[in-house]
Amino acid sequence: MKLADAALLRQKVLIAGHWQDAADGARMTVRNPASDAPVGHVPRCTEEDTAGAVEAAHKAFAGWRTQTAKARAQFLRRWFDLVLLHREELARIMVSEQGKPLAEARGEIDYAASFIDWFAGEARRINGEVMASPWADRRLFTLRQPVGVAALITPWNFPAAMLARKAAAALAAGCTVVAKPASQTPFTALALAELAQRAGLPAGVLNVITGEAATIGGVLTTHPLVSKLSFTGSTDVGKYLLARCAGSLKRVSLELGGNAPFIVFDDADLDAAVAGALASKFRNGGQTCVCANRVFVQAGVYDAFAGKFAPAVARLNAGEGLAPGVDIGPMISDSAVSRIESQVADALARGATVLAGGARHPRGGRFFQPTVLGDCTPAMALCRSETFGPVAPLIRFEREADALAMANDSEYGLAAYAYTRDLARAWRVAETLEYGMVGINTGLMSTAEASFGGMKQSGLGREGGLYGIDEYLETKSLALGGLA
């Protein structure tokens, strides 16, 4: 990997403003999922290291919370500028450890930077209220203040955007941070931390540690100095972390699994629906929590949609992320490929038909062919659980009510999509779908300006938008007497 600024590839952790190794010197190897070649090594932090990071954040909190909102915003603006300045290096680091195509990685860096920019503005809009008092001699106010040390646990599929979305909100609110990136993709987070240091962030305000999830998570969920935990990942792990945090009643926000329905009605613009399904389903190789997982197509347009969609999917080019013309990179692990293969086999055994792909890619390794399966049913494994891969099952439906019932028949409620040119139907569908985010006639809806989060077992709380900073603020009521 050639970088114009080699110092961005940090192979140590950041604690109290210092780059250091684990207390016992243990290290972990990070590998490129496309080739399995080593990218580098990072510390395997101990419980002692994790506690040290928490203590550093707590020590820095007193000074950071008293910075003016304007000062915190100015820091975030400098960080934003540096992220965009080093967009290419950050994207190449991401491709090497995560595998997504370079064009997508560049787009993610822009997306990550947008959250830093957004919350720089929100830092200056943390306002309290003056309420009408029932007493003549007293006035009532609310103050909004930072919760304290925020522990952030981020996933491997969007290693820059998820860190930026959480950390920028926390820092804007006046919180200090201990971040734990996924073990598969630590270098992107460490590079962002290096840029935050260059932007002038005081020591201890942002700490980034690497290592085994159980070791680090065990400390972050129980340490008395951690006031807030934010996690993006699987529902099972989210439930476990929530239970661990209950003992000390930490503030918790969770962005968990999804099983997004993508509904194509018979009055839809089919070309737009095909383009939306491609964007939603196959971005990052299908390894996103909001990607289309079940594609419901009304019977009247089922054959026409499949006839357009399957050939478009078959044309997608799989390969190593830095190679030109690549649309889809590798899966993150061998087990991910095996899971997809098992789900496809289950669907075929239950009567599904292959319209495109359907097997491991001829390239071998962790590559899987972009796949479309026809004649699928809701009972199939790939329709009941999150696939997290480049496989799109098509399910035929007759009536609007049938599609909505099948779409809502899931324990998850993160994202949903629908295509229709009927305005009344668009409103009915949007209001009926039991999902935290609904896209009508679009396959992409994530942006810094909009809140991101789910219902049911897809999580708690919201990130981004007007509500994202609320997760890191306490509301204090103030009564001021003696005014008569």
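Residues numbered from 1 in each chain as written. Predicted model: local features only at pLDDT ≥ 70, side-chain atom pairs only at ≥ 80, totals over all residues. Heavy atoms only, no water.

(A) Layout of helix 6 (residues 186-198). Between its terminal C-alpha atoms helix 6 stretches 19 Å, which fits the 18 Å expected from 13 residues at 1.5 Å a residue. Counting buried positions along helix 6 yields 11 of 13 residues, so the element is predominantly enclosed. Those residues of helix 6 that fall on the buried side of the exposure criterion are Pro186, Phe187, Thr188, Ala189, Leu190, Ala191, Leu192, Ala193, Glu194, Leu195 and Ala196. One or two steps after helix 6, the chain reaches Gly200, where phi turns positive at roughly 95 degrees. (Helix = DSSP H or I, 4+ residues; strand = E, 2+ residues; numbered from the N terminus. Expected span 1.5 Å × (residues − 1). Buried < 20%, exposed > 50% of the residue type's maximum accessible area, 1.4 Å probe, protein only.)

(B) Structural context of the pairing of strand 7 (residues 149-153). Among the 5 residues of strand 7, 5 are classified as buried, and the element is accordingly described as predominantly covered. Of the two faces of strand 7, the one holding Val149, Ala151 and Ile153 and the one holding Ala150 and Leu152 are both buried throughout. The handedness of the strand 7 to strand 8 (residues 176-180) crossover, carried by helix 5 (residues 161-173), is right-handed. With 5 bridges joining them, strand 7 and strand 10 (residues 226-232) adopt parallel strand pairing. The partner of Ala151 across the bridge, within strand 10, is Leu229. (Right-handed = clockwise from strand over helix to strand, strands pointing away. Pairing = 2+ DSSP bridges.)

(C) Layout of unusual backbone geometry. Positioned with a positive phi, Asp36 is a non-glycine residue whose angle comes to about 70 degrees. Of the residues examined, Asp36 reaches a relative accessible area of 37% and is grouped as partly exposed.

(D) Looking closely at the packing of aromatic side chains. If you walk through the whole model with that rule in mind, you get 9 aromatic pairs. When the centroid spacing of 5.7 Å and the interplanar angle of 90 degrees are considered together, the rings of Trp156 and Phe388 count as edge-to-face. Here Trp156 is found in the loop between strand 7 and helix 5, whereas its partner Phe388 is found in the loop between helix 12 (381-384) and strand 16 (391-397), with 232 residues between them in sequence. Here the basic side chain of Arg165 rests over the ring of Phe452, its NZ or CZ set 4.1 Å away from the ring centre. Cation over ring: Arg363 sits above Phe367, and NZ or CZ is 5.0 Å from the ring centre. (Phe/Tyr/Trp six-rings, centres within 6.5 Å; stacked < 30°, edge-to-face > 60°. Lys NZ or Arg CZ within 6 Å of the ring centre and 35° of its normal.)

(E) Quick peek at the packing of helix 2 (residues 69-85) against helix 5. Their axes nearest at 9 Å, the elements helix 2 and helix 5 cross at an angle of 155 degrees. In terms of axis orientation, helix 2 runs roughly antiparallel to helix 5. In this structure, the crossing between helix 2 and helix 5 has a hand that is right-handed. On helix 5, the residues touching Arg72, Phe75, Leu76 and Trp79 of helix 2 are Ala167, Ala168, Leu171, Ala172 and Ala173. In terms of residue class, the contact of helix 2 with helix 5 is built from 8 nonpolar, no polar and 1 charged. (Axes fitted to C-alpha atoms, helices over the stretch in contact; angles between N-to-C directions. Parallel < 35°, antiparallel > 145°, perpendicular 65-115°, else oblique. Left-handed = near helix turned anticlockwise from the far one by under 90°. Contact = heavy atoms within 4.5 Å. Nonpolar A, V, L, I, M, F, W, Y, C, P; charged D, E, K, R; others polar.)

(F) Geometry of the sheet that holds strand 14 (residues 353-356). Within the open sheet, the 7 strands sit side by side as 14-15-16-13-12-18-19. Their pairing is mixed. With partners counted over all chains shown, the strands left at the sheet margins are strand 14 and strand 19 (437-440), one partner each. With direction set aside, neighbouring strand axes in the sheet form an average angle of 25 degrees. Relative to strand 16, strand 15 (residues 371-374) runs parallel, the two being bridged by 3 bridges. Its bridge partner being in strand 16, Leu373 is matched across the sheet by Pro393.

(G) A look at the pattern of salt bridges. Under the definition given, this model contains 31 salt bridges. Ionic pairing is found between Arg165 and Glu463, a salt bridge with its closest N-O pair at 2.8 Å. Taken as a pair, Arg165 in helix 5 and Glu463 in the loop between strand 21 (459-460) and strand 22 (473-480) lie far apart in primary sequence, 298 residues in all. In this structure, Arg165 and Glu463 share a single accessibility class: buried. (Salt bridge = Lys/Arg side-chain N within 4 Å of Asp/Glu carboxyl O.)

(H) Examining the pairing of strand 13 (residues 292-298) more closely. Most of strand 13 sits out of view: 7 of its 7 residues are buried. With 5 bridges joining them, strand 12 (residues 260-264) and strand 13 adopt parallel strand pairing. Within the sheet, the bridge partner assigned to Pro261 lies in strand 13 and is Arg294. Crossover connection from strand 12 via helix 9 (residues 270-282) to parallel strand 13: handedness right-handed.

(I) Spotlight on the nonpolar core. Counting 70 residues, the largest nonpolar core has Phe75, Trp79 and Val83 as its most contacted members. Those residues in contact with Trp79, other than ones at most four positions away along the chain, are Ile116, Ala167, Leu171, Leu192, Leu195, Ala196 and Ala199. By size, the runner-up hydrophobic cluster in this structure holds 33 residues, among which are Val301, Ala312, Val313 and Leu414. (Core = buried A, V, L, I, M, F, W, Y, C linked by side-chain atoms within 4.5 Å.)

(J) Here's a closer look at the sheet that holds strand 6 (residues 139-146). The antiparallel open sheet is built from 3 strands, whose spatial order is 5-6-22. Strands with a single pairing partner mark the edges of an open sheet, and in this sheet they are strand 5 (129-131) and strand 22. Each strand of the sheet is rotated relative to its neighbour by a mean of 25 degrees, with strand direction disregarded. Sheet topology places strand 5 next to strand 6; 3 bridges connect them, and they run antiparallel. Considered in strand 6, the bridge of Glu129 is made with Thr142.

(K) Expanded view of the packing of helix 2 against helix 4 (residues 102-122). Look at helix 2 against helix 4: their axes get within 8 Å of each other, and the N-to-C directions meet at 165 degrees. If you check the angle between helix 2 and helix 4, you find them roughly antiparallel. Handedness of the crossing formed by helix 2 with helix 4: left-handed. Along its contact with helix 2, which presents Ala73, Leu76, Arg77, Trp79, Phe80, Val83 and Leu84, the element helix 4 presents Ile109, Asp110, Ala113, Ile116, Asp117, Phe119, Ala120 and Gly121.

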